[in-house]
Number of protein chains: 2
Amino acid sequence: MSSDRLIYLPLGGAGEIGMNAYVYGYGKQGQERLILVDLGVTFSDMETTPGVDLIFPDMTWLMENKERLEAIFITHGHEDHIGAIGQFWEKLGAPVYARAFTANLARHKMRDNGQPEEAIRTVSAWPEVTEAGPFKVGFLPMSHSIPESAALVIDSPDGRVIHTGDFKLDETPIVGEPFDPELWASVSKSGVKALVCDSTNVFSRHEGRSEASVGPEIEKLVAAAPQMVVATTFASNVARVKTLAEAGERAGRSICLMGRAMRRMIEAAIETGVLTDFPKVVSPEDAGNIPRENLMLLATGSQGERRAASAQLARGKHNGITLKDGDMFLFSSKTIPGNEKGVIRIINQFSERGVDVVDDSSGLYHVSGHANRPDLERLQDIVNPQMVIPMHGEHRHLREHAKLSESKGRQSIVAVNGTMLDLSGNEPKVTEFVETGRTYLDGSVKIGALDGVVRDRIRMALNGHVIVNVILDEDDEPLGEPWVELMGLPEQGSSFAPLVDVLEEDLNQFLGRAGQKTLADDDKLEEGLRRVARNSARDEIGKKPEATVIISRLS
Amino acid sequence: MSSDRLIYLPLGGAGEIGMNAYVYGYGKQGQERLILVDLGVTFSDMETTPGVDLIFPDMTWLMENKERLEAIFITHGHEDHIGAIGQFWEKLGAPVYARAFTANLARHKMRDNGQPEEAIRTVSAWPEVTEAGPFKVGFLPMSHSIPESAALVIDSPDGRVIHTGDFKLDETPIVGEPFDPELWASVSKSGVKALVCDSTNVFSRHEGRSEASVGPEIEKLVAAAPQMVVATTFASNVARVKTLAEAGERAGRSICLMGRAMRRMIEAAIETGVLTDFPKVVSPEDAGNIPRENLMLLATGSQGERRAASAQLARGKHNGITLKDGDMFLFSSKTIPGNEKGVIRIINQFSERGVDVVDDSSGLYHVSGHANRPDLERLQDIVNPQMVIPMHGEHRHLREHAKLSESKGRQSIVAVNGTMLDLSGNEPKVTEFVETGRTYLDGSVKIGALDGVVRDRIRMALNGHVIVNVILDEDDEPLGEPWVELMGLPEQGSSFAPLVDVLEEDLNQFLGRAGQKTLADDDKLEEGLRRVARNSARDEIGKKPEATVIISRLS
């Protein structure tokens, strides 16, 4: 028996939806040659990560082992699979392989971050394979909600692994290759050791619906609309954008793409040949001259993002266009958990303008890009793998997916980020835990999730911030009275005097009482001033603010 | 024709879901005698109102007209109808009328805020009526997700108005009076001028389901559970709590109420006689000694609230009880938009413990407390009002409800908070706009939504906070170098030197270049220092922090 082993290590995406990053390795323990599958981001929110621009997986482990990294493979172009490539490529330094459309998007990421576009190498679909150390990796076409999504066929001396990436089983996907069960069966025929599989929709019990099913419904809706029509969807869902545009065209409407991401995606799809017959579009400038009943806008911002085209239209004007009574706005999308309030906000803003909003509550105008439970079962039946490793999902998804797989008589295991599995034997075994976590892009700086920066911001947001300033002379005697500044705090509280005055008075009294030992000791003095300021605020306004104390000594 | 008129003025709840407060008036213009219906709160969130404890409608208009206020009527005990009574009663000073269960809850609110409980007067249901100036007001029993909910029959010299409060048409509500179509028809027979009607579920197209429909499903689920069962729902949904408890009892389980709100509501329901046969409960202390397969916990926290019993159980231990592999947790509730992330968080925490979570995605274990679209139509048919005024809903709900009413041939209008309607004629007419808004309870202080306090908190959370401290001597010369403190900002940026050092160096250079005129002028100096600090930070870390500048002069 060889002492080489095949390992799997999720660094992101296992235990969460977002920021996918999966490592595979083969070789002697601790010396495995490695490949990385996907390098994505996730998005911040006000509740847990205020002010943060993007969230990356903590790639420290892989950066420390970069000399063992042979290659990076990107399954598809969604931000949670590709978004961190420009930020981390320099620290990893391996060639990046992707299919043409994905590679086009990846090159933009590299350029935006001052990285060499040549590092991105375009590969063709299976049966072409790329050698990467002990691995041979092929891109097996798979349907999803973005063109040219691919599963990876990862061959190692220990057998074949199929890493699905994100997928659905769509045999009529409008854009991109349909799911081809015969191709998948033929690839699997020689035996698949492990199916590492998308878990997003494991709780959806009905069979997934094809992208082709929404076209006729959208067409009916648009044909019946009396005035302007605006539709939003994910810009990367090129098939949907095409379906929407064609519905508009058939209804005799000019099509206008609103929002940078929407234009960028359609350009990339046309440049790389995945999109060949998109209706002619008019510029936002020209759109203003077209009668509203002959116009259809396709706008970014399906998640209610404040700066996207949809939110701007909801607030008033975008590119000179204003919606009004009788116009229709269509969400051809679902709302991602956490974005509900933003979406509802723009629906109500449209309502105030008399715009009729059609959302997906009817189920007619959107289909998911992920495999539902029966689809997951079907894929397992086709691939017939020895083991199923659930990936891309929160803990509840991974657990449910593992239970599903075990109920079908397959080995399975819940492996969250940082759990290294040894896949060499007949069942997956946990072999090591690697420290993982999140890295924040904050402005232009990467900060660790545990650095305390974001914690302090949240505290200021919840409690307000009081700044205490004291000057001491050469003899450690207070020079003048303490000075207080407030931010994010009410101007007055229970005593109806300005809060600043109340705090300054209490701090002054504290200084008057403080002994020479306290006055001479920065730490003691700071602690005392902080305590007085916070307690005084609590008595006055019922909350204890964050406090910053500045002691200036003239010595 | 009389110069008296009948007016309707929503101060909260019209244009939002939450913080209901509706004024009715009758009399000469500007001298109408007034009644207030409901006085509720809404809840804060991190995105728009960080640190805020509760949100009230801005009651300034009514406080300014308090001498015209005859009475306050509370339709039911939900926080968004009753929650502000203790906070505003003193400023309004009118007697408060409610049915027994609601009055019990209202007295607690008064006591908690040091207000006289006697101000709350218990009234019986229709046909009893209370005179309040020109009005006679009766409480017409109506089913909802809390006991003793009532619509108000408001008689004025100008005719009868029915204000529904929140409701559903449930003829088998488990606890409290069923909807009685004959009683409603008899009350409406003599003619109803206006139906002022709950709009929450106007987009739900199927007929509403009865509370009685969930019992058998919950019973099956609990009977089949092998280990401990925990269920959560809104504590105020006494019928649901009873259904859950009875399902546990029938499965041979001891029932334990977890969380203060849950115990409080059941107590109030028993005290006031609305709940007569609730299963015997064990204390949390005793629950620990009961075999887990014989125990069922009913816990607060269906919305994922961090401090509620459910979240504490998800994180580990609560009252000495820990959930484990094989236990079941049931959400007998729906997730209110905006709370998804909190709910998902605890589902994943339970998943990590091996607890099987059952949510409402099947539709079997929860029914809404609000009337769906067909129910709204049915009530209109029974009441046959001259006009329908949609209330309690976001703009989209009010608009849809008005369209629905108009499609049935009735006068209707969208009147959001602050819109005073004259209902005297044959159709509702907008007669005035009153300034309204939101008041925040922040700690123990009430602050206006536009005071800037919360805006500053949000800015600190998004941008961090830099404090600049400069001391100038008697000749306006800098004494020593400027001093910088950071909060919520990274320690270093692009130059890999501490950010504090970089800022202090730039500020020092600025001071060195600054002329006497700038140094002598606090405003100019502050503005310059702020600009330098923010720009220097932008160059270094890619974001412009909030800045507080403290200039101390020794003169």
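Worth saying up front: this structure is predicted, and the values here are computed from it rather than measured.

### Here we look at the overall build of chain A
Okay, step 1: Within chain A, the secondary structure is distributed over 17 helices and 31 strands.
Okay, step 2: Taking the principal axes of the C-alpha coordinates as reference, chain A spans close to 85 × 75 × 45 Å.
Okay, step 3: When burial is assessed residue by residue, chain A has 59% of its 555 residues classed as buried.
Okay, step 4: Within chain A, residue pairs in contact and separated by at least 24 positions form 71% of the contacts whose partners lie at least 6 positions apart.
Okay, step 5: Accessible surface, chain A as shown: approximately 21300 Å² in total, 46% of it carbon and sulfur.

### A closer look at the pairing of strand 28 (residues 445-448) of chain A
Residue and element names in this part refer to chain A.
Okay, step 1: Judged by which residues are buried, strand 28 turns out to be one-sided: V445 and I447 face inward and are buried, whereas K446 and G448, on the alternate face, are not.
Okay, step 2: Relative to strand 28, strand 27 (residues 438-442) is paired through 4 bridges, and the arrangement is antiparallel. Counterpart to T439 in the pairing with strand 28 is G448.
Okay, step 3: Where strand 27 folds back on strand 28, the antiparallel hairpin that results is connected by 2 residues, among which G443 adopts a positive phi of roughly 60 degrees.

### Things to note about the pattern of salt bridges
Residues and elements named next belong to chain B.
Okay, step 1: Under the definition given, this model contains 73 salt bridges over all chains.
Okay, step 2: Between D155 and R160 there is a salt bridge, and its shortest N-O distance comes to 2.7 Å.
Okay, step 3: Salt-bridge contacts for D476 lead to R553; the nearest nitrogen and oxygen are separated by 2.9 Å. Of this pair, D476 sits in the loop between strand 29 (465-472) and strand 30 (483-487) while R553 sits in strand 31 (residues 546-553), and the two are 77 residues apart along the sequence.

### Overview of the environment of N508 of chain A
Residues and elements named next belong to chain A.
Okay, step 1: Of note, N508 is situated in helix 15 (residues 499-513).
Okay, step 2: Since its relative accessible area comes to 25%, N508 is described here as partly exposed.
Okay, step 3: With sequence-adjacent residues up to four places away left out, N508 is seen in contact with E481 and P482.

### With respect to unusual backbone geometry
Okay, step 1: Look at the link from W126 of chain A to P127 of chain A: it is a cis peptide, with omega at 20 degrees.
Okay, step 2: A positive phi is found at E148 of chain B, a non-glycine position, where the angle reads about 60 degrees.
Okay, step 3: Within the fold, E148 of chain B resides in the loop between strand 10 (135-141) and strand 11 (150-156).
Okay, step 4: Even without being glycine, N319 of chain B reaches a positive phi, approximately 50 degrees.
Okay, step 5: Note that N319 of chain B resides in the loop between strand 18 (317-318) and strand 19 (321-322).
Okay, step 6: The exposure class assigned to N319 of chain B is partly exposed, which follows from its relative accessible area of 37%.

### A closer look at empty space enclosed by the protein
All names here are of chain A.
Okay, step 1: Counting across every chain of the model gives 4 cavities of 30 Å³ or more.
Okay, step 2: Put simply, the largest cavity is a space of about 100 Å³.
Okay, step 3: Lining the largest cavity are 15 residues, with H144, S145, P173, N237 and A239 sitting closest to its centre.
Okay, step 4: Looking at the lining of the largest cavity residue by residue, the class counts come to 6 nonpolar, 6 polar and 3 charged.
Okay, step 5: Each of domain 1 (5-206 + 368-448) and domain 2 (215-358) contributes no fewer than three residues to the lining of the largest cavity.
Okay, step 6: Here the second largest cavity defines a volume of roughly 60 Å³.

### Points about the domain arrangement of chain A
In many analyses, interface size is given as the accessible surface area lost on bringing the parts together.
Okay, step 1: Parsing chain A into structural domains produces domain 1 (5-206 + 368-448), domain 2 (215-358) and domain 3 (464-553).
Okay, step 2: Between the C-alpha centres of domain 2 of chain A and domain 3 of chain A there is a distance of 55 Å.

### Observations regarding the packing of aromatic side chains
Any pair of aromatic rings gets described here by the distance separating the centres and the angle formed by the planes.
Residue and element names in this part refer to chain B.
Okay, step 1: Tallied over the entire structure, the rule returns 16 aromatic pairs over all chains.
Okay, step 2: When the centroid spacing of 5.2 Å and the interplanar angle of 85 degrees are considered together, the rings of F56 and F88 count as edge-to-face. One end of the pair, F56, is in strand 5 (residues 54-57); the other, F88, is in helix 3 (residues 85-92), and 32 residues separate them in sequence. Each of the two residues, F56 as well as F88, counts as buried.
Okay, step 3: A ring pair is formed by F73 and Y97, whose centres lie 5.3 Å apart and whose planes are at 25 degrees; its orientation type is stacked.

### Describing the sheet that holds strand 3 (residues 21-28) of chain B
All names here are of chain B.
Okay, step 1: Spatial ordering of the open sheet is given by 8-7-6-4-3-1-25-26, a layout of 8 strands whose pairing is mixed. Of all the strands in the sheet, just strand 8 (120-122) and strand 26 (429-433) have a single pairing partner and so form its edges. Averaged over all pairs of adjacent strands, the angle between their axes in this sheet comes to 25 degrees, without regard to strand direction.
Okay, step 2: Each of strand 7 (96-98) and strand 8 touches helix 4 (residues 100-112); the most contacted strand, strand 8, lies at about 165 degrees to it.

### Focus on the sheet that holds strand 5 (residues 54-57) of chain A
Residues and elements named next belong to chain A.
Okay, step 1: What the 3 strands build is an open sheet, ordered 5-27-28; its pairing is antiparallel. Since the sheet does not close on itself, it has two edges, and those belong to strand 5 and strand 28, each with one partner. The sheet shows a mean angle of 35 degrees between the axes of neighbouring strands, direction not considered.
Okay, step 2: Across the sheet, helix 3 (residues 85-92) lies against strand 5, strand 27 and strand 28, angled at about 35 degrees from strand 5, the strand it touches most.

### Focus: helix 14 (residues 453-463) of chain A
Okay, step 1: The complete set of buried residues in helix 14 of chain A reads V453, V454, D456, R457, I458, M460 and A461 of chain A.
Okay, step 2: Note on helix 14 of chain A: the residue one or two positions beyond its end, G464 of chain A, has a positive phi of about 75 degrees.

### Here's the deal with the relation of the copies chain A and chain B
Okay, step 1: Rotating chain A by 180 degrees about the axis while translating it 0.0 Å along that axis superimposes it on chain B, leaving an RMSD of 0.0 Å. The symmetry that links the two subunits is that of a two-fold axis. The position closest to the rotation axis in chain A is occupied by the C-alpha of A461 of chain A, lying 2.7 Å away.
Okay, step 2: Of the interface residues in chain A, 100% have counterparts in chain B that sit at the interface too, so the contact is made through matching surfaces.

### Regarding the nonpolar core
Okay, step 1: Membership of the largest hydrophobic core comes to 69 residues, with the highest contact counts inside it found for L36, M59, L62, I72, L92, F101 and L298 of chain A.
Okay, step 2: Element by element, the count of residues in this core is highest for helix 7 (residues 238-250) of chain A, at 6 residues.
Okay, step 3: There are two domains that each give this core at least three residues, and those are domain 1 (5-206 + 368-448) and domain 2 (215-358) of chain A.
Okay, step 4: Not counting residues up to four positions away in its chain, the partners in contact with L92 of chain A are L36, L39, M59, L62, M63, K66, L69 and I72 of chain A.
Okay, step 5: Ranked by size, the runner-up nonpolar core spans 68 residues in total, among them I74, V214, A225 and M265 of chain B.

### Some points on the packing of helix 4 (residues 100-112) of chain A against helix 8 (residues 260-271) of chain A
Residues and elements named next belong to chain A.
Okay, step 1: Relative orientation of the contacting elements helix 4 and helix 8 amounts to 130 degrees, with a least axis distance of 9 Å. By the criterion of interaxial angle, the relationship of helix 4 to helix 8 is oblique. As helix 4 runs across helix 8, the sense of the crossing is right-handed. Touching F101, N104, L105 and H108 of helix 4 are R264, M265, A268, A269 and E271, all from helix 8.
Okay, step 2: Classifying every residue of the contact of helix 4 with helix 8 gives 5 nonpolar, 2 polar and 2 charged.

### Here we look at the interface of chain A and chain B
Okay, step 1: On the chain B side, the residues contacting the 61 residues of chain A number 61 residues.
Okay, step 2: Both sides together, the interface formed by chain A and chain B hides about 5300 Å², and carbon and sulfur atoms give 61% of it.
Okay, step 3: Summed over the shared surface of chain A and chain B, the number is 9 salt bridges.
Okay, step 4: Note that D356 of chain B is salt-bridged to K403 of chain A, the shortest N-O span being 2.9 Å.
Okay, step 5: Connecting chain A to chain B are 35 residue pairs in polar contact (both at pLDDT 80 or more).
Okay, step 6: Put simply, the parts of the chain that give the side of chain A that touches chain B at least two residues each are helix 11 (340-352), helix 13 (395-407), strand 28, helix 14, strand 29 (465-472), strand 30 (483-487), helix 17 (522-541) and strand 31 (546-553) of chain A.
Okay, step 7: Tallying contributions element by element places helix 11 of chain A first for the side of chain A that touches chain B, with 8 residues.

### What about helix 11 (residues 340-352) of chain B?
An α-helix turns once per 3.6 residues; consequently, residues spaced three or four apart project the same way.
Okay, step 1: Compared with the 18 Å implied by 1.5 Å per residue over 13 residues, the 18 Å span of helix 11 of chain B between its first and last C-alpha is a close match.
Okay, step 2: Close packing links the buried residues of helix 11 of chain B with helix 11, strand 23 (393-394) and helix 13 of chain A together with helix 10 (309-315), strand 20 (328-331) and strand 21 (356-358) of chain B.
Okay, step 3: Count one or two residues on from helix 11 of chain B and you reach G354 of chain B, which has phi positive near 80 degrees.

Cut-offs and rules
Residues numbered from 1 in each chain as written. Chains lettered and ligands numbered in written order. Predicted model: local features only at pLDDT ≥ 70, side-chain atom pairs only at ≥ 80, totals over all residues. Heavy atoms only, no water. Helix = DSSP H or I, 4+ residues; strand = E, 2+ residues; numbered from the N terminus. Buried < 20%, exposed > 50% of the residue type's maximum accessible area, 1.4 Å probe, protein only. Contact = heavy atoms within 4.5 Å. Areas by Shrake-Rupley, 256 points an atom, 1.4 Å probe, with all protein chains shown as cover. Pairing = 2+ DSSP bridges. Salt bridge = Lys/Arg side-chain N within 4 Å of Asp/Glu carboxyl O. 1 Å grid on protein atoms, 1.4 Å probe; cavity = no way out; pocket = protein on both sides within 12 Å on 5 of 7 lines; lining within 4 Å. Points joined across faces, edges and corners; volume = space filled by probe spheres on them. Nonpolar A, V, L, I, M, F, W, Y, C, P; charged D, E, K, R; others polar. Domains from an automatic or database assignment. Phe/Tyr/Trp six-rings, centres within 6.5 Å; stacked < 30°, edge-to-face > 60°. Axes fitted to C-alpha atoms, helices over the stretch in contact; angles between N-to-C directions. Least-squares fit on C-alpha atoms with pLDDT ≥ 70 in both. Core = buried A, V, L, I, M, F, W, Y, C linked by side-chain atoms within 4.5 Å. Parallel < 35°, antiparallel > 145°, perpendicular 65-115°, else oblique. Left-handed = near helix turned anticlockwise from the far one by under 90°. Buried area = accessible area lost by both parts, 1.4 Å probe. Polar contact = N/O pair within 3.5 Å; in protein donor to acceptor, adjacent residues only side chain to side chain. Expected span 1.5 Å × (residues − 1).

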